[in-house]
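Each chain, letter by letter, is given below.
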Amino acid sequence: MARYIAQRLLQIILTFFLFLALSYMLLEAMPGDFSQLFLQDPKLTLAQREAIAASLGLNRPPHERFFRYIGSFLRGDLGVSFQYYPRPVVDVILERAPRTLMLFISSTVVSFYVGFFVGKLLAWRRGRVLEYITTVGGVTLYTVFTPWFGLLMIWLFAFTLDWFPIGKFITPRLWRDAPVEANVVFNRMLLTALVVSIVLLTWFILTRRIDTRRRRVVHWGGMGLGLAVVVGIWGASGLGPYALNILHHLMLPVLTLTLISFAGTMLLTRNSMLETLREDYITTARAKGLPEKVIRDKHAARNAMLPVVTSLVFSLAFALSGGVITEGVFSWPGMGEVLLTSAVVQDIPMMMGALIFTAIFALLAHLVVDILYAFLDPRIRYG
Amino acid sequence: MSETILRVENLTMHYTTRAGIVSAVDDVSFTLDEGESLGLVGESGCGKTSVANSLLKLLADNAVIKGGQIRFKGTDFVPLSEEEMRPYRWRNISMVFQAAMNSLNPVYRVGDQIIEALETHLGLYSHAQARQRVTELFTMVGLDPALMDQYPHEYSGGMRQRAVIAMALSCNPDLVIADEPTTALDVIVQDALLRQLKTLQEMIGMSMIYISHDIAVIAEVSDRIGVMYAGKLVELASADEIFHHPVHPYTVALMSAFPSVTGPKRELQTLAGEPPNLLYPPSGCRFHPRCPFATEICRQQEPEFKDHGGGHYAACWHPQEVTV
Amino acid sequence: MATEERHNPFATAQPAGDGTTLDQQERERLRAQPLWRVRLKLLAGTLWNNWKLFTENKIGLIGLAIILFYAGLALAHPLLMGRVWDPLIYDPVIGFDPLAAPHPAPPSAQHWLGTDPLGRDVLSQLMFSTASEFILGMVAALITVTIGTSIGALAAYFGGWIDTFFMRLADLVITLPAIVLLIVLGGLFTLDLPLLALVIGILSGFGATTVIIKSQALTIKVRTYVEAAWVAGGSHWHIILRHIIPNLLPLTFLYMMFTVTDAIFAEAILSYFGLLNIRMSWGLMIHTTQSAGYLLNFQTWWLIVPPGLSITLLCAAFYLVGRALDEVVNPRLRKR
Ligand SMILES: Nc1ncnc2c1ncn2[C@@H]1O[C@H](COP(=O)(O)OP(=O)(O)OP(=O)(O)O)[C@@H](O)[C@H]1O
Ligand code: SF4
Ligand SMILES: [Mg+2]
């Protein structure tokens, strides 16, 4: 297992350097060069221009520039953003990344769970009508033009039903006399989510081996207790309403992103489950006279999950793409939104920063999936 | 005479496929006594596995039981629902599958997969007790009990097969069906395992149905033998009768193709042609296209499966009188 | 195993797709004909069988119907222009209808889908854009398939560092969200339609398609007949071109469908965000609506519903056809 993870880690680092090289080649291939962009930009002062030109080493030979590029990346220096001048790119990323993480992780977890659950049931009960409806619905959600879908969601939930605000991060009116900045509250929320999931995960692992009949009560009890503690702490801190305001804004983008990405998992689970159901050990499980639910969940679904987790890598990229678009549509000020605006105004350092961030994030997610897979498959865990 | 525990009457089972209906089991009848072992033999694709799976109603989605009865200790399984079948499965009748290599779930420890059956049927929820039972079973089939905490991929083929047998015996069933339990293994392991299975059967006193395409394997372990051809049971008699006085031309051919270990070496008389496609079974006697004794009536009418004296059943218009 | 090969339209040594072998007489008759004609017949036979398999899946047929509908729209546009529609009024880019003002005007007898904020006919724009969506999709798919098949076959056949390099590359392409990359490219370069087709073709060609085709090529490589060809002294290229690649074609055809979906989707997204240099497209129609400030004005639904729905439908259609083909190529998914 350790060897497997080490090997994957090495591969991922290799892949990342391949990425750096390719991204550098892209910059080189850009028509004209960097400096012209600034020379034409009337907003920049001469000093700024020179500073940028020097930091880019534009008159050096290509290979030297490449090593500079790698070197400055390793030092954590991604340059200075044009549109947020003089803020360094890294600074902007640090501010925005948590918002994207929150959006992305919550919708990915929910959509995986829901997609897996529905897909599993679909394969188990193969009804004609239901199958057509869910397949067509699933494919529609999977291929729907995301901005259009986002607009439909806004129209339905924000305009017609008036359940959620239309977009953005916070309601400025409410925050005028808030004791702290929105970002502080938000980061605290993120921390809470992290702590809660770690605690719950440990709880589930610790109680894994207890008697089948009592396990359920223990699990749900633990979860309820955890939530109660969280609500209590936030209530006492007096920041509760502000956190709720952010959550309220987060809801619609999460819902949208969840809907477009759950369908992929659902269709995949269905196929994987159909194949698993033909395995001999499923016949054995039936022959053993196990209850249907046990055959479905414990034997079939548990194995059907393996290929679904493998292809999570694909779904992650899909969800990241969807996330960028969703942020754009809902003006959720995360990394995706910054990527879009910087592409439109040709804020190249910021854009490359966002790209590098995405690559690191995607590759890390890839690694997480690989580790998860190793945990799920004893053939790798003890291989 | 011991009690009859299983009585199969006129069992007929079809698979519906896009190409048409495959009549995999056609009008099959036999009985099985307590403690008795019955061998089912026949070429690949003749419907042995289909019969075995029908007995527990472990049917594929596209399979339908068209008619007949499966009476186990008086209860007919045919009209029962999946849920009503559950208590009988494994508790009364268990199976060792043809693909035993793959009949263990790869993501669970082998011991846990046995314990699961114990929990379901014997209500053995206490972990310690259940492990005790698994230890017993493992010792019984000749496996190191320490192996129970390992995963199937850590087992060799022979070990897996033993584990599957241990699992089949776990709930003390009345009947174990072993569907080609040894085909995937090498000859030496095959032999040892088969003998052990036989010993276990005698020790526990359960009934068994052995299935194989190899009559030599069947002969070693069965009291009675049923010969299947193209979805039909064509001959059923004691092992002795089948060996020395086969009646059905197909059995005769099978017997002469089987080199005798003791007697003088005989000419291998091979059967011409291939087994029929069960999508379009031949009219009349299904064996007629390959039968050297076929006449007009064989082509037109199905022979009845009837007693030729002393419980020797066969379905043939022109029963043979050979002594091998 | 047998079924798998049976439905692989290019692996047919035995002709009939339902698995029945030809009887002796038929075989004799076939032998009397020139080889190419026999081959053609076999191909027609398998195509027919696969078509029958395909039509069993209603979902695939729905997809095909949608594709045909839009193809019809694309073909009808040049016919309508100039004959029925006055170019001055109905031109998708520079047309303007002074009579229908104020713009955007709701659907009417003259403008079935209304007009956009600049006074142009929405239906004409919709139909005009369709053709470029098809061309974009097809070109991208062809590039993907060419790259995917050759790289996949090479990586599987030669293994070694070629394999390692391309698989790392594929890993990268798979992990990186394509839309993010395209947005960056849109920021760096002036992307137009041909360039976009090329980029998408390359991206999906070096990504998942290669991995899947490679694994398929590996199984073909170990199949006996390739080994036989090897023993019989076929050169590398002969084996790759005559044995491996033809057997990969059904799978690559399948992946073409998915690439078309991706390409149409990507074009729409880039146009929508204003990152594509294009005269008219479905995505651009929504972009125009947005720039004119009508995006969140849900009374003017005719500005966003037709293009939004069209993008969704056409993407879904190619995806559905792909899935239905998947069931033909990959019999494990099929019901009996
Ligand atoms: N699920 C199914 N759908 C359609 N046909 C099937 C199915 N399962 C088995 N068959 C067909 O039914 C016939 C009997 O199959 P069965 O597996 O019972 O034979 P068998 O005697 O056990 O053969 P083997 O020795 O190869 O295991 C075969 O012709 C087989 O092709
Ligand atoms: S019935 Fe006729 S064809 Fe069938 S086995 Fe007997 S002799 Fe042969
Ligand atoms: Mg069998």
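It should be noted that the structure appears before, not after, this text.
Rules of the game
Residues numbered from 1 in each chain as written. Chains lettered and ligands numbered in written order. Predicted model: local features only at pLDDT ≥ 70, side-chain atom pairs only at ≥ 80, totals over all residues. Heavy atoms only, no water. Pairing = 2+ DSSP bridges. Helix = DSSP H or I, 4+ residues; strand = E, 2+ residues; numbered from the N terminus. Contact = heavy atoms within 4.5 Å. Axes fitted to C-alpha atoms, helices over the stretch in contact; angles between N-to-C directions. Buried < 20%, exposed > 50% of the residue type's maximum accessible area, 1.4 Å probe, protein only. Buried area = accessible area lost by both parts, 1.4 Å probe. Salt bridge = Lys/Arg side-chain N within 4 Å of Asp/Glu carboxyl O. Polar contact = N/O pair within 3.5 Å; in protein donor to acceptor, adjacent residues only side chain to side chain. Nonpolar A, V, L, I, M, F, W, Y, C, P; charged D, E, K, R; others polar.

## Focus: the sheet that holds strand E4 (residues 63-72) of chain B
All names here are of chain B.
Next, step 1: The strand order across the open sheet built from four strands is E2-E1-E4-E5, with neighbouring strands paired in antiparallel fashion. Only two strands of the sheet have a single partner each, and these edge strands are strand E2 (20-33) and strand E5 (75-76).
Next, step 2: Pairing of strand E1 (residues 4-17) with E2 involves ten bridges; the strand directions are antiparallel. Along E2, the bridge assignment pairs Thr 4 with Asp 33.
Next, step 3: Against the sheet, helix H1 (residues 48-55) touches E1, E2 and E4, its axis set at about 115° to E1.

## A look at the pairing of strand E3 (residues 37-41) of chain B
Residues and elements named next belong to chain B.
Next, step 1: Taken across its five residues, E3 has five buried, putting it largely inside the fold.
Next, step 2: Of the two faces of E3, the one carrying Ser 37, Gly 39 and Val 41 and the one carrying Leu 38 and Leu 40 are both buried.
Next, step 3: Taken together, the five bridges between E3 and strand E8 (residues 207-212) define a ladder with parallel strand orientation. Across the sheet, Gly 39 pairs through a bridge with Tyr 210, a residue of E8.
Next, step 4: As paired strands, E3 and strand E9 (residues 224-229) are joined by four bridges and run parallel to one another. Considered in E9, the bridge of Val 41 is made with Val 227.

## Considering the interface of chain A and chain B
Next, step 1: At the interface, 24 residues of chain A touch 30 residues of chain B.
Next, step 2: Surface buried jointly by chain A and chain B totals about 2,600 Å² across both partners, of which 54% is contributed by carbon and sulfur atoms.
Next, step 3: The largest per-residue losses of area from chain A upon contact with chain B belong to Arg 286, Ala 287 and Lys 288 of chain A, which jointly make up 24% of the total buried on that side.
Next, step 4: Counting across the interface, chain A meets chain B through three salt bridges.
Next, step 5: Notably, a salt bridge pairs Lys 288 of chain A with Glu 116 of chain B, separated by 2.9 Å at the nearest N-O pair.
Next, step 6: For the pair chain A and chain B, the number of links is 13 residue pairs in polar contact (both at pLDDT 80 or more).
Next, step 7: When contributions to the side of chain A that touches chain B are tallied by element, the ones reaching two or more residues are helix H10 (212-237), helix H12 (280-287), helix H13 (292-310) and helix H17 (378-381) of chain A.
Next, step 8: Residue composition of the side of chain A that touches chain B, by class: nine nonpolar, six polar and nine charged.

## Observations concerning the environment of Lys 120 of chain A
Residues and elements named next belong to chain A.
Next, step 1: When you line up the elements, Lys 120 lands in helix H5 (residues 89-124).
Next, step 2: Overall, the relative accessible area of 9% leaves Lys 120 in the buried class.
Next, step 3: It is 9.4 Å that separates the C-alpha atoms of Lys 120 and Leu 267, two residues lying 147 residues apart in sequence.
Next, step 4: Leave out the neighbours within four places in its chain, and Lys 120 touches Thr 269, Met 273, Arg 296, Asp 297 and Ala 301.

## Quick word on the interface of chain C and chain A
Next, step 1: Each partner contributes to the interface: chain C provides 49 residues, whereas chain A provides 59 residues.
Next, step 2: Each partner contributes to the roughly 5,000 Å² buried at the junction of chain C and chain A, and carbon and sulfur atoms together form 77% of this total.
Next, step 3: Of all residues in chain C, Arg 168, Leu 188 and Phe 298 of chain C bury the most surface against chain A, accounting for 13% of the area lost on that side.
Next, step 4: Along the contact surface separating chain C from chain A lie one salt bridge.
Next, step 5: With a shortest N-O distance of 3.9 Å, Asp 171 of chain C and Arg 8 of chain A are connected by a salt bridge.
Next, step 6: Our count for the chain C to chain A interface comes out at six residue pairs in polar contact (both at pLDDT 80 or more).
Next, step 7: The set of elements that each furnish at least two residues to the side of chain C that touches chain A consists of helix H4 (58-80), helix H7 (160-175), helix H8 (178-188), helix H12 (236-272) and helix H14 (305-329) of chain C.
Next, step 8: Counting residues per element, the side of chain C that touches chain A draws most heavily on H14 of chain C, which supplies ten residues.
Next, step 9: When the residues that make up the side of chain C that touches chain A are grouped by side-chain class, the tally is 36 nonpolar, six polar and seven charged.

## Digging into the pairing of E8 of chain B
Residues and elements named next belong to chain B.
Next, step 1: Counting buried residues along E8, six of its six residues qualify, which places the element largely inside the surrounding structure.
Next, step 2: Going residue by residue along E8, you find Ser 207, Ile 209 and Ile 211 tucked away on one face and Met 208, Tyr 210 and Ser 212 tucked away on the opposite face as well.
Next, step 3: In the sheet, strand E7 (residues 175-179) pairs with E8 via five bridges, with the strands oriented parallel. Residue Val 176 lies in a different strand from E8, and its bridge partner there is Met 208.

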